[in-house]
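Each chain, letter by letter, is given below.
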Amino acid sequence: MKVRIISGLVGIVILAGVLACPYTIVLAIAAALLAAVAVWELLYNTGMVKNLVQVIGGMLVSAAGVMAMYFWKTTQNESVVNYGDAHFALEEQARQWSLVLMALPLVYGLFTLVVWLFNAKKLSLNRACYGFLLTLYPTVGFGSMVLLREIPLLDLWPLLLLFAIAWVSDTGAYFVGTFLGKHKMAPKISPKKSWEGFFGGWVISVAFAVGLFFLRIEINPFNPGGIFKTPLLFVPVVVVLAPLSVVGDLCASVIKRRTGIKDFGNIMPGHGGVMDRFDSVLFIAPLLCYALYNPVVISRILGQVYALF
């Protein structure tokens, strides 16, 4: 437990330093490195893909994908605040980065197919496809974290909300389940999880996120709009995402059970690997990203739901 606590505190300090850095490219680089490590854990450490050519190719593609998302979004943001020739030049750069993003999965798909063709006797098609899909998973997840940081006017709040939903839910579920848990949630997948812990973590996570919402208003009364405009938009999004973070945790547990490993890695003593710490975060990051970038759609959906009452 001592090692776990010390390791956790060190991790928090490093994360806080990366998030607080005014140069957001530092976060992008860190996310790209974590995505690459996550690919290694999901493919090689699980034993599902032992072909180093595909594994290393996946790591490079994942890191490149995260960085491409960063450059696409920052260039797009810069184009909005520039005028004249600079605006059109930046728009063209953003378009080129979007093409890179579209090309990466296609190129990696072809790369995976070629690797399988030349190693068909040792690498089954199922495992090659597993490697392709599980490379995209952390790429999209960590890339979404980078996009959350680049939302204009919101600064760190989207990322703080993301971590609050996922990690507070997990921590709350652990403590509630430890003291009150009686009914197993998924004994064959994750024996320690209970329904009491699930609902306890859900409530604690939502309460913490709502507190974060009002703290943002207290620190900065300026209303940036989006789902941060009103609790009527903010709270339902959190209520939906909090339990989904548990689904991400369970998906990772299924992979570990099926491959016979306890942890994905040991990069954090007492905590495991990158996927052990970010499994729930990666699952809901794209969903939160969509909600924050498409508040009008969320507003319309919730408007129809509210109309029923």
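Rules used in this analysis
The numbers attached to residues start from 1 for each chain and follow its sequence in the written order. Per-residue local features are limited, in this predicted model, to residues with pLDDT of at least 70; the limit for side-chain atom pairs, both in listing and counting, is 80 or more; totals at the level of whole chains, interfaces and linings are taken over all residues. Computation of side-chain values: all heavy atoms of the structure, hydrogens and water removed. Strands here are runs of E lasting at least two residues and helices are runs of H or I lasting at least four, both read from the DSSP assignment and numbered beginning at the N terminus. For every residue, the accessible area (1.4 Å probe, protein chains only) is compared with the maximum for its type, and the residue is labelled buried under 20%, exposed over 50%, or partly exposed between those bounds. Within 6.5 Å between ring centres, the rings of Phe, Tyr and Trp (the latter by its six-membered ring) count as paired, and their orientation is classed by plane angle as stacked under 30 degrees, edge-to-face over 60, tilted in between. Note on contacts: a residue pair is in contact if any heavy atoms of the two residues lie within 4.5 Å. To obtain an axis, a line is fitted to C-alpha atoms, over the contacting stretch when the element is a helix, and the angle between two such axes runs from 0 to 180 degrees between their N-to-C directions. To sort the angles, those under 35 degrees are grouped as roughly parallel, those over 145 as roughly antiparallel, those from 65 to 115 as roughly perpendicular, and the leftovers as oblique. Left-handed describes a crossing in which the near helix is turned anticlockwise from the far one by less than a right angle; the clockwise case is right-handed. Residues are grouped as follows: nonpolar covers Ala, Val, Leu, Ile, Met, Phe, Trp, Tyr, Cys and Pro; charged covers Asp, Glu, Lys and Arg; every other residue, Gly included, is treated as polar. Salt bridge criterion: a side-chain nitrogen from Lys or Arg within 4 Å of a carboxyl oxygen from Asp or Glu.

Draft legend 1. Main features of unusual backbone geometry. A positive phi angle is found at L153, which is not glycine, with a value near 75°. As for its placement among the helices and strands, L153 is situated in the loop between α5 (125-149) and α6 (157-180). For L153, a relative accessible area of 53% translates into the label exposed. The phi dihedral of D155 is positive, around 50°, even though this residue is not glycine. If you trace the backbone, D155 turns up in the loop between α5 and α6.

Draft legend 2. Fine view of the packing of aromatic side chains. Scanning all chains against the criterion turns up 18 aromatic pairs. Both rings, one in W40 and one in Y44, keep their centres 4.5 Å apart while their planes meet at 25°; by these two values the pair is stacked. Taken together, the positions of W40 and Y44, both in helix α2 (residues 25-45) and 4 residues apart, correspond to about one turn of that helix. Residue classification places W40 among the partly exposed residues on the basis of a relative accessible area of 28%. Classification of Y44 as partly exposed rests on a relative accessible area of 24%. Aromatic side chains F198 and W202 sit 5.7 Å apart centroid to centroid with 55° between the ring planes, which places their arrangement in the tilted category. Of the two residues, F198 and W202 are both situated in helix α7 (residues 195-219); the distance of 4 residues between them amounts to about one turn of the helix. Of the residues examined, F198 reaches a relative accessible area of 11% and is grouped as buried. For W202, a relative accessible area of 25% corresponds to the partly exposed category.

Draft legend 3. A look at the environment of L282. For L282, the position within the fold is in helix α9 (residues 274-293). Taking the C-alpha atoms as reference points, L282 and D249, separated by 33 residues in sequence, lie 9.5 Å from one another. The residues touching L282, leaving out its near neighbours within four places in the chain, are Y137, P138, G141, F142 and M275.

Draft legend 4. Structural view of the packing of α2 against helix α3 (residues 52-80). Look at α2 against α3: their axes get within 8 Å of each other, and the N-to-C directions meet at 155°. In terms of axis orientation, α2 runs roughly antiparallel to α3. Between α2 and α3 lies a crossing whose hand is right-handed. Contact residues: I25, A28, I29, A31, A32, A35, A36, V39, W40, L43 and Y44 in α2; L52, V55, G58, M59, S62, A63, V66, M67, Y70 and F71 in α3. When the residues that make up the contact of α2 with α3 are grouped by side-chain class, the tally is 19 nonpolar, 2 polar and no charged.

Draft legend 5. Spotlight on the pattern of salt bridges. Tallied over the full model, the rule gives 4 salt bridges. Between R95 and E92 there is a salt bridge; the shortest N-O distance is 2.8 Å. Of this pair, R95 and E92 are both found in helix α4 (residues 84-118), 3 residues apart, which corresponds to roughly one turn of the helix. Judged by its relative accessible area of 32%, E92 is partly exposed. Among the ionic pairs, D263 bridges to K262, the shortest N-O distance being 3.8 Å.

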